[in-house]
Amino acid sequence: RCPVPLPVPHITLLCAGRWQKRWVSSESRPDLGTFRLTAGTFYGDPVRDRGLQTSENSKFYAISSRFKPFSNKGKTLVIQYTVKHEQKIDCGGGYVKIFSSDLDQKNLSGASPYYIMFGESVGASPSLQHCCCCCAAPEGRYKTCDLFVGPDICGSETKKVHVILNYKNKPHPIKKPIRCKVNRFQSILFSFFKTQVDGYTHLYTLIIRPDQTYEVKIDNKVAALGNLEDDLDFLPPRKINDPAVEKPRDWDDRVQIDDPNDTKPEDWDEPEYIMDTSDEKPEDWDHAVHGEWTYPMVKNPLYKGAWKPRQIDNPKYRGVWPHPQIDNPHYSPDYSIYSYENIGVIGLDIWQVRAGTIFDNFLITDDEDYAEEFGDETWGETKDPEKDMSIRQAEEQQQRQRVSEEEYFEQWLKKKHKEERESREDQTVKSPVEKGEF
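The name an unreviewed UniProt entry gives the protein chain is Calreticulin, with Callipepla squamata as the organism. The UniProt entry for the protein chain carries the following comment under Subcellular location (unreviewed entry): "Endoplasmic reticulum lumen". According to the UniProt record, the Sequence similarities (unreviewed entry) comment for the protein chain reads "Belongs to the calreticulin family."

Dropping the structure here:
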């Protein structure tokens, strides 16, 4: 988008006419996937919905755009973009990264330090280690970075929105689970199998405020909010267990205990393996080579395992002992967790199994209201026509499929009738009927 200048500080990064000059493709490895500018196969507006689309399957992608460096110290930071997984992605990233202005764009890779990572991702594992694979880290682990946000998608287990902030050269992921937008019908119908991303464009917004609160919005609706210090492990805990206090010896915190009245049955003890006396020594058994022959051991069908008395509720149970807390001497508040210096680059550093994801409507601003308005004026105005076009295409495809199936069945039926007719005629020639038999 290339809007007219506005009275609020903002940065928009996808101008259709000159996007290739604005965005720098990485050359960190020779087999990186390429982006193209397109609105996709269905859209709300063929021009306004053009975005950066991944174009090759099973590829790493790395591209970035530079802007005038700034600091968000004392200001709100809003990062916003749209993403459409037109291919109904099953494994790959859909997030953005925010970098320092000293990033070497030509060598952008998963090893490049970044400030923030934000957005959705579909991943087989929610672990940081697996996620870094989607971040195109060759070593399969997180590198020094500042912020990571966005959706993560890989298989049916993980469809989540990442918010990862760098603090003192260590990545800190949000502890709250945030789900990507999925097909609600399919997620219910196939909950035991696979949940698909719905394929429509969705708006993702991350807001970080000077009071150290944050907010994640999906489609301009709040999906998560909280305090950075509480929801990300930046600092040591404010309180710790008092090391000078120990749990009383008579404090019983066992919920259940062995039943003292339960006794082991007399016939319980049986060996796990027994000799198979039905087997016979081979005639060619050589004692000098194989040693003395013995019956082989087989699993004992009567073996029941180790006996354990049944469990009953503990009448002396007092609950979990509340360890007294004291102030943590190692805790020191830091009121600058939210701020970064020299913010100067936004990038896409992802891995995708099936290509087709479209990124668009990138916005960085310090005005929450403007970000919401910008989202309504871009994604908000084209989302319904996009969905209508997708539904219309699906209906047309179903109609074509029905016609094709009907034509196939008609041809099959004609062929079947012809074969039956030829079979009857052939039978008549082979078995002529006498007049008397009529």
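Next comes the rest of the write-up.
A separate point is the overall build of the protein chain. Counting its regular elements, the protein chain contains seven helices and 22 strands. For the protein chain, the residues scored as buried account for 41% of the 438 residues in total. Accessible surface computed for the protein chain: about 25500 Å², of which carbon and sulfur atoms make up 51%.

Moving on, we get to unusual backbone geometry. Among all residues except glycine, the phi angle is most often negative; among peptide bonds, the trans geometry is most common. The phi dihedral of serine 58 falls on the positive side, at around 50°, and the residue is not glycine. As for its position among the elements, serine 58 is in the loop between β4 (51-54) and β5 (59-70). On the accessibility criterion, serine 58 (42% relative accessible area) is partly exposed. One non-glycine residue, glutamine 212, adopts positive backbone phi at about 70°.

Turning next to a negative patch on the surface. A cluster of like negative charges, contributed by Asp279, Glu280, Glu283, Asp284 and Asp286, occupies part of the molecular surface. Here glutamate 283 is to be found in the loop between β17 (273-275) and α5 (287-290). Judged by its relative accessible area of 85%, glutamate 283 is exposed.

A few words on the pattern of salt bridges. Taken as a whole, this structure holds 22 salt bridges when the rule is applied. A salt bridge links glutamate 86 to lysine 84, with the shortest nitrogen-to-oxygen separation between them at 3.4 Å. Of the charged contacts, one joins lysine 247 and aspartate 253 as a salt bridge, the two residues approaching to 2.9 Å between their closest N and O atoms. Among the charged side chains, a salt-bridge network with shared partners connects Lys84, Glu86 and Glu386.

Counting buried residues along strand β13 (residues 213-218), six of its six residues qualify, which places the element largely inside the surrounding structure. With burial as the criterion, each face of β13 is covered, one bearing Thr213, Glu215 and Lys217 and the other bearing Tyr214, Val216 and Ile218. Of the strand pairs in this sheet, strand β12 (residues 201-208) and β13 are connected by five bridges, and their pairing is antiparallel. Looking at the pairing, isoleucine 207 lines up with glutamate 215 of β13. Once β12 ends, the chain turns through four residues before running back antiparallel as β13, passing glutamine 212 with a positive phi of about 70°. Sheet topology note: the β13/strand β14 (residues 221-227) ladder contains six bridges and is antiparallel. The residue of β14 that forms the bridge with threonine 213 is asparagine 227. If you look at the hairpin formed by β13 and β14, you'll find two residues sitting between the two strands, and aspartate 219 has a positive phi there, around 60°.

Residues annotated by UniProt as "binding site: an alpha-D-glucoside" (unreviewed entry) correspond here to Tyr95, Lys97, Tyr114, Asp152 and Asp349. Among the residues examined, tyrosine 95 registers a relative accessible area of 0% and is labelled buried.

A word on the environment of lysine 304. On the secondary structure map, lysine 304 appears in the loop between β18 (297-299) and β19 (311-313). When its relative accessible area of 44% is taken as the criterion, lysine 304 is described as partly exposed. Between the C-alpha atom of lysine 304 and that of proline 271, which follows or precedes it by 33 residues, the distance is 8.9 Å. With sequence-adjacent residues up to four places away left out, lysine 304 is seen in contact with Asp267 and Trp268.

Here the focus is the packing of aromatic side chains. This structure, assessed with the given rule, holds 16 aromatic pairs. Between phenylalanine 42 and tyrosine 200, the aromatic rings sit 6.2 Å apart at their centres with planes inclined by 85°, giving edge-to-face as the arrangement. One end of the pair, phenylalanine 42, is in the loop between β3 (35-38) and β4; the other, tyrosine 200, is in the loop between α3 (184-189) and β12, with 158 residues separating them in the sequence. Like tyrosine 200, phenylalanine 42 is buried. On the basis of an interplanar angle of 25° and a centroid distance of 5.8 Å, the ring pair of phenylalanine 409 and tryptophan 412 is categorised as stacked. Of this pair, phenylalanine 409 and tryptophan 412 are both found in helix α7 (residues 379-430), three residues apart, which corresponds to roughly one turn of the helix. Within the aromatic cluster, the residues linked to one another by ring pairs are Trp23, Tyr81, Phe118, Tyr204, Phe359 and Phe362.

The rules we used
Residues numbered from 1 in each chain as written. Predicted model: local features only at pLDDT ≥ 70, side-chain atom pairs only at ≥ 80, totals over all residues. Heavy atoms only, no water. UniProt positions renumbered as here; feature names shortened; annotations may be inferred. Helix = DSSP H or I, 4+ residues; strand = E, 2+ residues; numbered from the N terminus. Buried < 20%, exposed > 50% of the residue type's maximum accessible area, 1.4 Å probe, protein only. Areas by Shrake-Rupley, 256 points an atom, 1.4 Å probe, with all protein chains shown as cover. Patch = residues over 30% accessible without salt bridge, like charges linked within 9 Å, V, L, I, M, F, W, Y side chains within 5 Å. Salt bridge = Lys/Arg side-chain N within 4 Å of Asp/Glu carboxyl O. Lys, Arg positive; Asp, Glu negative; His and termini not counted. Charge placed at Lys NZ, Arg CZ, Asp CG, Glu CD. Pairing = 2+ DSSP bridges. Contact = heavy atoms within 4.5 Å. Phe/Tyr/Trp six-rings, centres within 6.5 Å; stacked < 30°, edge-to-face > 60°.

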